[in-house]
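The primary structure of each chain is shown beneath.
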Amino acid sequence: MNDNSNQSKRLIRYRSGSFYEGELNVANQRHGFGSLQHPNFFYEGKFSNNKRHGAGKITFSNGDQYTGSFHNNQLHGHGTMLWDNGDSYQGDFT
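No experiment lies behind these values; they were computed from the predicted model shown.

What counts and how
Residues numbered from 1 in each chain as written. Predicted model: local features only at pLDDT ≥ 70, side-chain atom pairs only at ≥ 80, totals over all residues. Heavy atoms only, no water. Helix = DSSP H or I, 4+ residues; strand = E, 2+ residues; numbered from the N terminus. Buried < 20%, exposed > 50% of the residue type's maximum accessible area, 1.4 Å probe, protein only. Pairing = 2+ DSSP bridges. Axes fitted to C-alpha atoms, helices over the stretch in contact; angles between N-to-C directions. Phe/Tyr/Trp six-rings, centres within 6.5 Å; stacked < 30°, edge-to-face > 60°. Core = buried A, V, L, I, M, F, W, Y, C linked by side-chain atoms within 4.5 Å.

**Here's the deal with the environment of Arg10**
Next, step 1: Within the secondary structure, Arg10 sits in strand β1 (residues 8-13).
Next, step 2: Note on Arg10: relative accessible area 42%, which makes it partly exposed.
Next, step 3: Counting along the chain gives 13 residues from Arg10 to Glu23, while the straight-line C-alpha distance between them is 6.4 Å.

**Thoughts on the sheet that holds strand β6 (residues 65-71)**
Next, step 1: In space, the eight strands of this open sheet follow the order β1-β2-β3-β4-β5-β6-β7-β8, with antiparallel pairing throughout. Among the strands making up the open sheet, the edge pair consists of β1 and β8 (88-93). Adjacent strand axes in the sheet meet at a mean angle of 10°, parallel and antiparallel pairs treated alike.
Next, step 2: Taken together, the six bridges between β1 and strand β2 (residues 19-24) define a ladder with antiparallel strand orientation. Within β2, the residue paired with Ser8 across the bridge is Leu24.

**Quick notes on the packing of aromatic side chains**
Next, step 1: All told, the structure shown has six aromatic pairs when counted by the stated rule.
Next, step 2: Between the aromatic rings of Tyr66 and Phe70, the centroid separation amounts to 5.2 Å while the plane-to-plane angle is 85°, which identifies the pairing as edge-to-face.
Next, step 3: Note on Phe70: relative accessible area 4%, which makes it buried.
Next, step 4: Ring geometry for Tyr89 against Phe93: centres 5.3 Å apart, planes inclined by 80°, an arrangement best described as edge-to-face.
Next, step 5: Overall, the relative accessible area of 38% leaves Tyr89 in the partly exposed class.

**Overview of unusual backbone geometry**
Most peptide bonds are trans, and most residues other than glycine sit at a negative phi.
Next, step 1: One non-glycine residue with positive phi stands out, namely Asn28, at about 60°.
Next, step 2: For Asn28, the position within the fold is in the loop between β2 and β3 (30-38).
Next, step 3: For Asn73, which is not glycine, the phi dihedral falls at a positive 75°.
Next, step 4: Relative to the elements of secondary structure, Asn73 occurs in the loop between β6 and β7 (74-82).

**Points about the environment of Phe41**
Next, step 1: Inspection of the secondary structure puts Phe41 in strand β4 (residues 41-48).
Next, step 2: Taking the relative accessible area as the measure of exposure, Phe41 reaches 13% and is therefore buried.
Next, step 3: Measuring from C-alpha to C-alpha, the distance between Phe41 and Gly63 comes to 9.0 Å, with 22 residues separating the pair along the chain.

**Some remarks on the nonpolar core**
Next, step 1: In this structure, Ile12, Tyr20, Leu24, Leu36, Phe41, Tyr43, Phe47, Ile58, Tyr66, Phe70, Met81 and Phe93 together form the largest nonpolar core, which totals twelve residues.
Next, step 2: Mapped by element, the contributors of at least two residues to this core are β2, β4 and β6.
Next, step 3: The element that contributes the greatest number of residues to this core is β4, accounting for three residues.

Structure follows, in C-alpha coordinates:
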(Lines give C-alpha, C1' and ligand atoms only; values in the text may rest on other atoms or scores of the structure.)
Protein backbone atom coordinates (compact mmCIF):
# COMPACT_ATOMS: atom_id res chain seq x y z
CA MET A 1 0.00 0.00 0.00
CA ASN A 2 1.32 3.45 -0.92
CA ASP A 3 0.56 6.05 1.75
CA ASN A 4 0.94 9.58 0.38
CA SER A 5 -0.86 11.21 3.31
CA ASN A 6 2.35 13.02 4.31
CA GLN A 7 2.86 14.56 0.87
CA SER A 8 1.39 17.60 -0.81
CA LYS A 9 1.70 19.07 -4.32
CA ARG A 10 3.04 22.57 -4.73
CA LEU A 11 4.61 25.00 -7.15
CA ILE A 12 7.80 26.58 -5.83
CA ARG A 13 9.69 29.38 -7.56
CA TYR A 14 13.31 29.87 -6.52
CA ARG A 15 15.28 33.14 -6.58
CA SER A 16 17.61 31.60 -9.20
CA GLY A 17 14.71 31.48 -11.66
CA SER A 18 14.26 27.73 -11.26
CA PHE A 19 10.90 26.29 -10.34
CA TYR A 20 9.58 22.98 -9.05
CA GLU A 21 6.11 21.58 -9.41
CA GLY A 22 5.24 18.38 -7.64
CA GLU A 23 5.06 16.50 -4.39
CA LEU A 24 6.70 17.57 -1.14
CA ASN A 25 7.25 15.70 2.10
CA VAL A 26 6.40 17.07 5.55
CA ALA A 27 9.80 18.84 5.66
CA ASN A 28 8.84 20.68 2.41
CA GLN A 29 11.51 18.82 0.44
CA ARG A 30 10.97 17.65 -3.14
CA HIS A 31 9.77 14.09 -2.57
CA GLY A 32 7.68 11.88 -4.85
CA PHE A 33 6.90 12.79 -8.45
CA GLY A 34 7.64 16.24 -9.80
CA SER A 35 9.35 18.42 -12.38
CA LEU A 36 12.23 20.83 -11.88
CA GLN A 37 13.03 23.56 -14.40
CA HIS A 38 16.59 24.82 -13.91
CA PRO A 39 18.61 27.15 -16.19
CA ASN A 40 20.85 24.18 -17.16
CA PHE A 41 18.28 21.37 -17.37
CA PHE A 42 14.67 20.20 -17.12
CA TYR A 43 13.99 17.11 -15.01
CA GLU A 44 10.77 15.16 -14.64
CA GLY A 45 10.54 12.11 -12.43
CA LYS A 46 10.98 10.86 -8.90
CA PHE A 47 12.57 12.75 -6.02
CA SER A 48 13.62 11.63 -2.57
CA ASN A 49 14.47 14.21 0.09
CA ASN A 50 15.25 16.96 -2.45
CA LYS A 51 17.35 14.73 -4.73
CA ARG A 52 16.62 13.16 -8.11
CA HIS A 53 16.16 9.55 -7.07
CA GLY A 54 14.36 6.79 -8.97
CA ALA A 55 13.02 6.83 -12.53
CA GLY A 56 13.20 10.08 -14.45
CA LYS A 57 14.16 12.02 -17.55
CA ILE A 58 16.55 14.95 -17.73
CA THR A 59 17.05 17.22 -20.72
CA PHE A 60 20.10 19.46 -20.58
CA SER A 61 20.20 22.96 -22.04
CA ASN A 62 22.53 21.74 -24.84
CA GLY A 63 19.88 19.22 -26.01
CA ASP A 64 21.39 16.06 -24.50
CA GLN A 65 18.82 13.76 -22.83
CA TYR A 66 18.99 10.94 -20.32
CA THR A 67 16.07 8.67 -19.44
CA GLY A 68 16.49 6.07 -16.72
CA SER A 69 17.43 5.62 -13.09
CA PHE A 70 18.86 8.23 -10.73
CA HIS A 71 20.46 7.77 -7.32
CA ASN A 72 21.19 10.79 -5.09
CA ASN A 73 21.08 13.22 -8.05
CA GLN A 74 23.40 11.08 -10.19
CA LEU A 75 22.71 9.02 -13.32
CA HIS A 76 22.77 5.54 -11.83
CA GLY A 77 21.45 2.18 -12.96
CA HIS A 78 19.93 1.37 -16.34
CA GLY A 79 19.26 4.22 -18.71
CA THR A 80 19.59 5.72 -22.17
CA MET A 81 21.67 8.77 -23.03
CA LEU A 82 20.91 10.59 -26.26
CA TRP A 83 23.39 13.26 -27.23
CA ASP A 84 22.34 16.23 -29.33
CA ASN A 85 24.71 15.12 -32.11
CA GLY A 86 22.70 11.89 -32.62
CA ASP A 87 24.97 9.52 -30.67
CA SER A 88 23.37 7.32 -28.03
CA TYR A 89 24.22 4.83 -25.31
CA GLN A 90 21.88 2.39 -23.62
CA GLY A 91 23.11 0.46 -20.61
CA ASP A 92 24.19 0.84 -17.03
CA PHE A 93 25.43 4.05 -15.42
CA THR A 94 27.38 4.29 -12.16
